[in-house]
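# Secondary and tertiary structure notes
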Amino acid sequence: MPDLPFPQPMASGWAFAGAGAALEIDLDAIAANYRLLDARTGAATCAAVVKADAYGLGADRVAPVLEQAGARVFFVAHLEEGIRLRPHVSPGVRIFVLHGPMPGTEALFTRHALLPVLNSMEQLAGWRAHAAQAQKALPAAVQVDTGMSRFGLSEADVATLAQAPALLEGIDTKLVMSHLACADTPANPANAMQRDRLRAMAARLPAAPCALSASSGIFLGPDYHFDLVRPGAALYGLAPNAQAPNPLRPTVRLRARIVQRRVIAAGDGVGYGLTWHATGTRRIATLGIGYADGFLRSGARDGCAWLGDYRLPILGRISMDSTTVDVNDVPESVLDAATHVDMIGPRRSVDEVAHGAGTIGYEVLTALGSRFHRTYRQPVACDASPCQNKASV
Ligand SMILES: *Cc1c(COP(=O)(O)O)cnc(C)c1O
């Protein structure tokens, strides 16, 4: 953080007087979630997905903590994300780039020690040509499409490669991977179908460790772990399965400042469009958080903030920089002492906010903006002794 002229924490614990809202990111919880997932996946390597700036939480801060917790393999989506991540992890740490090399970018992968995920025959040809130029085999992952129709070689592509192994010349296949479409619904037969397809397709490619599961897939059981798993969301505390209790620790707390309080009369409207009207005298408060902070406008429906054990329903529409809540049930003495309320916290998880807004926790997290005052809770020191019996990927 740059030095700003508000260094003194306020008596209430509010850390920063110059922002409308504060986002506290718990790096200790992220490390603990990594260790839980690593333990759950036995001998499989537990990688860490830090695309989209570690789901909005700050890859530069999150990745070193994950490495300290034992992660040796990272995934990002784009080349530029990989280039930005590289200095924040050790040279021996592998970074895979999920979208692979766009034509002409191959040399940047080698220059920054990034491994592409090859998703198509075109990307494969580009990497093969790059290896020929370098006059040595170059490491990469190969993705196969087992049913999601998004990324990866088709069954026909794999058959072509099985017929003509020269097409893989110079490609040092470190990983054969695919991705599950329905892992958050364990009963969906698509899961087992994709798993079996990965086995069949991998058998026709050069022998290499295999990977299928992201966060939710890990909880489908060992049959889905293969040699490496790629959790993202679960590291950041999102529930892998909406029907089961969440075993992961929450990693963010979002607090908004109470900017103003007022008493309104019966018939008074609140916010843009005056979509909410008081039916009697009502005490309300205006908070310093809005949709420009990534606090989704759709979250107004059934949305709320919390002040301790008091639920504060959101009134009317969320504005760009502010949100109005009902504080009628909160005793005046409690309000007088309060400077801020929880938007995400012990009483309302990211997943609950998402449910209210008609979306998923992934979107709520990745939408959280850059305007908050951000603080990081450091991990509690712990001996990250690397697991002895891990497959080497
Ligand atoms: C985003 C992504 C992941 C991580 O998914 P989560 O559901 O967040 O754990 C893993 N693998 C691939 C290919 C992805 O695109």
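Cut-off values and rules
Residues numbered from 1 in each chain as written. Predicted model: local features only at pLDDT ≥ 70, side-chain atom pairs only at ≥ 80, totals over all residues. Heavy atoms only, no water. Helix = DSSP H or I, 4+ residues; strand = E, 2+ residues; numbered from the N terminus. Buried < 20%, exposed > 50% of the residue type's maximum accessible area, 1.4 Å probe, protein only. Areas by Shrake-Rupley, 256 points an atom, 1.4 Å probe, with all protein chains shown as cover. Expected span 1.5 Å × (residues − 1). Polar contact = N/O pair within 3.5 Å; in protein donor to acceptor, adjacent residues only side chain to side chain. Near = heavy atom within 4 Å. Nonpolar A, V, L, I, M, F, W, Y, C, P; charged D, E, K, R; others polar. UniProt positions renumbered as here; feature names shortened; annotations may be inferred. Contact = heavy atoms within 4.5 Å. Core = buried A, V, L, I, M, F, W, Y, C linked by side-chain atoms within 4.5 Å. Domains from an automatic or database assignment. Phe/Tyr/Trp six-rings, centres within 6.5 Å; stacked < 30°, edge-to-face > 60°. 1 Å grid on protein atoms, 1.4 Å probe; cavity = no way out; pocket = protein on both sides within 12 Å on 5 of 7 lines; lining within 4 Å. Points joined across faces, edges and corners; volume = space filled by probe spheres on them. Buried area = accessible area lost by both parts, 1.4 Å probe. Salt bridge = Lys/Arg side-chain N within 4 Å of Asp/Glu carboxyl O. Lys, Arg positive; Asp, Glu negative; His and termini not counted.

Let's shift gears to the overall build of the protein. Summing up its helical and strand segments, the protein has 12 helices and 19 strands in all. Summarising its shape, the C-alpha atoms of the protein cover approximately 80 × 45 × 40 Å along the three principal directions. Burial analysis of the protein (393 residues in total) assigns 48% to the buried set. Only carbon and sulfur atoms are counted for the fraction: they give 53% of the accessible area of the protein, which is about 17900 Å².

For the rest of this paragraph, the subject is helix 1 (residues 27–40). Taking 1.5 Å of rise per residue, the 14 residues of helix 1 would be expected to cover 20 Å, and the 20 Å separating its terminal C-alpha atoms lies within 8% of that figure. Here helix 1 lies mainly inside the structure; 10 of its 14 residues are buried. When we look at burial in helix 1, the residues that qualify are Leu27, Asp28, Ala29, Ile30, Ala31, Ala32, Asn33, Tyr34, Leu37 and Asp38. The opening residue of helix 1, the one whose side-chain oxygen lies 3.0 Å from the backbone nitrogen of Asp28, is Asp26. After helix 1 finishes, the residue Gly42 shows a positive phi value of roughly 50 degrees.

The subject of this paragraph is the site of the ligand. In the vicinity of the ligand, 14 residues are found, and the nearest of them are Lys51, Tyr55, Ser215, Gly232 and Tyr362. Separating an oxygen atom of the ligand from a side-chain N or O atom of Tyr55 is a distance of 2.5 Å. Within the side chain of His179, an N or O atom sits 3.5 Å from a nitrogen atom of the ligand. Here the shell around the ligand is built from residues that sort into eight nonpolar, three polar and three charged.

Cross-referencing UniProt, the feature "modified residue: N6-(pyridoxal phosphate)lysine" (unreviewed entry) maps to Lys51 in the present numbering. Within the secondary structure, Lys51 sits in helix 2 (residues 51–55). Ignoring anything within four residues of it in the chain, the contact list for Lys51 reads Phe75, Val76, Ala77, Glu81 and Leu98.

This paragraph deals with the nonpolar core. Nonpolar side chains tend to gather and get buried jointly when the protein is soluble and globular. Grouped together as the largest cluster of nonpolar side chains are 106 residues, with contacts concentrated most on Leu66, Phe74, Phe75, Tyr236 and Leu254. The residue makeup of this core includes at least three contributed by each of domain 1 (27–236) and domain 2 (252–377). Counting five residues, the second largest nonpolar core, distinct from the first, contains Ile264, Val270, Ala278 and Ile284.

For the rest of this paragraph, the subject is the packing of aromatic side chains. Under the criterion given, the structure shown has four aromatic pairs. Note on Tyr55 and Tyr236: the rings are 4.8 Å apart at their centroids and 40 degrees apart in plane angle, and the pair reads as tilted. With Tyr55 in helix 2 and Tyr236 in the loop between strand 10 (228–229) and strand 11 (252–264), this residue pair connects regions lying 181 residues apart in the sequence. Just as Tyr55 is buried, Tyr236 falls in that class too. Residues Tyr55 and Tyr362 carry aromatic rings whose centres are separated by 6.2 Å and whose planes lie at 40 degrees to one another, so their mutual orientation is tilted.

This part covers the layout of surface pockets. Considering only enclosed or pocket space, the largest pocket measures out at about 1000 Å³ in volume. Put simply, the parts of the chain that give the lining of the largest pocket at least two residues each are helix 2, helix 9 (215–218), helix 11 (350–356) and helix 12 (361–367). Class assignment of the residues belonging to the lining of the largest pocket gives a composition of 22 nonpolar, 16 polar and seven charged. When we break the lining of the largest pocket down by domain, the ones giving at least three residues each are domain 1 (27–236) and domain 2 (252–377).

The subject of this paragraph is the domain arrangement of the protein. Segmenting the protein into domains produces domain 1 (27–236) and domain 2 (252–377). Taken together, the contacts link 10 residues of domain 1 with seven residues of domain 2. Its largest share of buried area at the contact with domain 2, domain 1 owes to Leu27, Tyr55 and Leu57, together 48% of the area lost on that side. Summed over the shared surface of domain 1 and domain 2, the result is zero salt bridges. Residue assignment for the side of domain 1 that touches domain 2 shows that the elements contributing at least two residues are helix 1 and helix 2. Of the residues contributing to the side of domain 1 that touches domain 2, the split by class is six nonpolar, two polar and two charged.

Next up on the list: the environment of Gly356. Residue placement: Gly356 occurs in helix 11. For Gly356, a relative accessible area of 10% corresponds to the buried category. Those residues in contact with Gly356, other than ones at most four positions away along the chain, are Ser298, Arg301 and Arg348.

What follows covers the side chain of Arg230. By the element assignment, Arg230 lies in the loop between strand 10 and strand 11. Buried and without a salt bridge, Arg230 has Asp227 as its closest oppositely charged side chain, separated by 11 Å. A polar contact of 3.1 Å, which involves the side chain of Arg230, links it to the side chain of His179. Arg230 has contacts with Val49, Phe75, Met177, Ser178, His179, Ala211, Leu212, Ser213, Ala214 and Ser215, leaving out every residue within four places of it along the chain.

All told, the structure shown has one cavity of 30 Å³ or more when counted by the stated rule. Looking at the largest cavity, its volume works out to about 40 Å³. Lining of the largest cavity is provided by Gly294, Phe295, Leu296, Gly299, Val353, Ala357, Val364 and Leu368. Within the lining of the largest cavity, the residues separate by chemical class into six nonpolar, two polar and no charged.

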